[in-house]
Amino acid sequence: SMMVVSRNSSAKTPATHWYLDSGSSDHFSPYEELFDVLKPLSKPIEINTAEGTAYGVAKGRIQLTVKAGNENIDITLNNVLYAPDMQSNLLSTTVLFDLGYEISMKPNVGTRILKNDDIIAETVREGKLFRLAIPGPESMAMAARTIQAEDITVWHRRLAHMGEADVKKTEK
């Protein structure tokens, strides 16, 4: 039996929210669109939740960008169970622990996920729960701009120092 975010029975929490769950045997997501790799299970896995029974019907990989200090860190979650009936994304602290991650909970500092003393992810407290801190839209836009600027420079070099206007013509 595991803790699941209790809201009214039909409302799902936002797809961008991942709640740390120490009672969860696996990472879970009800959002099929988050998976970049998804393989159906030969038979569904029964999951007991506070709201009743849900079923894991597939397993796959999800890539996330999380906040750690002033940095945005890309992480990959493997073997995530796709459970369409669940209401929230759950990040199993037990799975993380078994993979060599430390879950640090300190008053006045917060709850963080570390690997070899490096902060991999920070969390935001939401009531009695902790969820992964994710970059806001402004830092995502900044990242997109950074990548675009870098692409022009890289392609300028790759195309034997062709002028920027000509490099931009080639991308159309």
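Values in this document were obtained by computation on a predicted structure and should not be read as measured data.

A word on the overall build of the protein
Counting secondary structure elements, the protein contains three helices and ten strands. What you see in the protein, going N to C, is helices and strands ordered as β-β-β-β-β-β-α-β-β-β-β-α-α. A burial count over the protein gives 34% of its 172 residues as buried. Taking the intrachain contacts of the protein between residues at least 6 apart in sequence as the baseline, contacts between residues at least 24 apart amount to 57%. Summed over its atoms, the accessible surface of the protein is roughly 10700 Å², and 51% of this surface lies on carbon and sulfur atoms.

Thoughts on the pattern of salt bridges
Per the stated rule, a full pass over the model turns up three salt bridges. For the salt bridge of Asp-36 with Arg-61, the shortest nitrogen-to-oxygen distance reads 3.0 Å. A residue pair is termed long-range when its members are at least 10 positions apart, and Asp-36 in strand β3 (residues 35-49) and Arg-61 in strand β4 (residues 52-68) qualify at 25 residues. The salt bridge involving Glu-126 is made with Arg-131; its shortest N-O contact spans 2.6 Å. Here Arg-131 falls in the buried class, since its relative accessible area comes to 15%.

Looking at unusual backbone geometry
Most peptide bonds adopt trans geometry, and most residues besides glycine take a negative phi value. Unusually for a residue other than glycine, Asn-108 sits at a positive phi of about 70°. Position of Asn-108 among the secondary structure elements: in the loop between β7 (102-106) and β8 (110-115). For Asn-108, a relative accessible area of 86% corresponds to the exposed category. Even without being a glycine, Asp-117 presents a positive backbone phi close to 70°. Note on placement: Asp-117 falls in the loop between β8 and β9 (118-126).

Considerations on the packing of aromatic side chains
Taken as a whole and assessed by the stated rule, the structure comprises one aromatic pair. Between Phe-35 and Tyr-82 the ring centres are 5.8 Å apart and the planes differ by 75°, which places this aromatic pair in the edge-to-face class. Of this pair, Phe-35 sits in strand β3 while Tyr-82 is found in strand β5 (residues 71-82), placing the two residues 47 residues apart along the sequence. The class of Phe-35 is buried, set by a relative accessible area of 10%. The aromatic ring of Tyr-101 is capped on one face by Lys-115, whose charged end is 4.4 Å from the ring centroid.

What counts, and where the lines are drawn
- Here, residues in each chain are numbered from 1, in the same order as that chain's written sequence.
- For this predicted model, a pLDDT threshold of at least 70 governs which residues receive local features, and a threshold of 80 or more governs which side-chain atom pairs are given and counted, while totals over whole chains, interfaces and linings are taken from all residues.
- Based on all heavy atoms of the structure, the side-chain values leave hydrogens and waters out of the count.
- Put simply, DSSP H or I for four residues or longer makes a helix, DSSP E for two residues or longer makes a strand, and each gets a number counted from the N terminus.
- Per-residue accessibility, obtained with a 1.4 Å probe over protein chains only, is compared with the maximum for each type, and a residue is labelled buried under 20%, exposed over 50%, and partly exposed between these values.
- A contact between two residues is defined here by any heavy atoms of the two lying within 4.5 Å.
- To be clear on the numbers: accessible area is Shrake-Rupley with a 1.4 Å probe, and residue cover counts the displayed protein chains and nothing else.
- Criterion for a salt bridge: a side-chain nitrogen of Lys or Arg within 4 Å of a carboxyl oxygen of Asp or Glu.
- Aromatic rings from Phe, Tyr and Trp, with only the six-membered ring used for Trp, were paired whenever their centres fell within 6.5 Å, and each pair was classed as stacked if the ring planes differed by under 30 degrees, edge-to-face if by over 60, and tilted otherwise.
- Consider the ring centre and the ring normal. A charge sits over the ring if Lys NZ or Arg CZ is within 6 Å of that centre and within 35 degrees of that normal.

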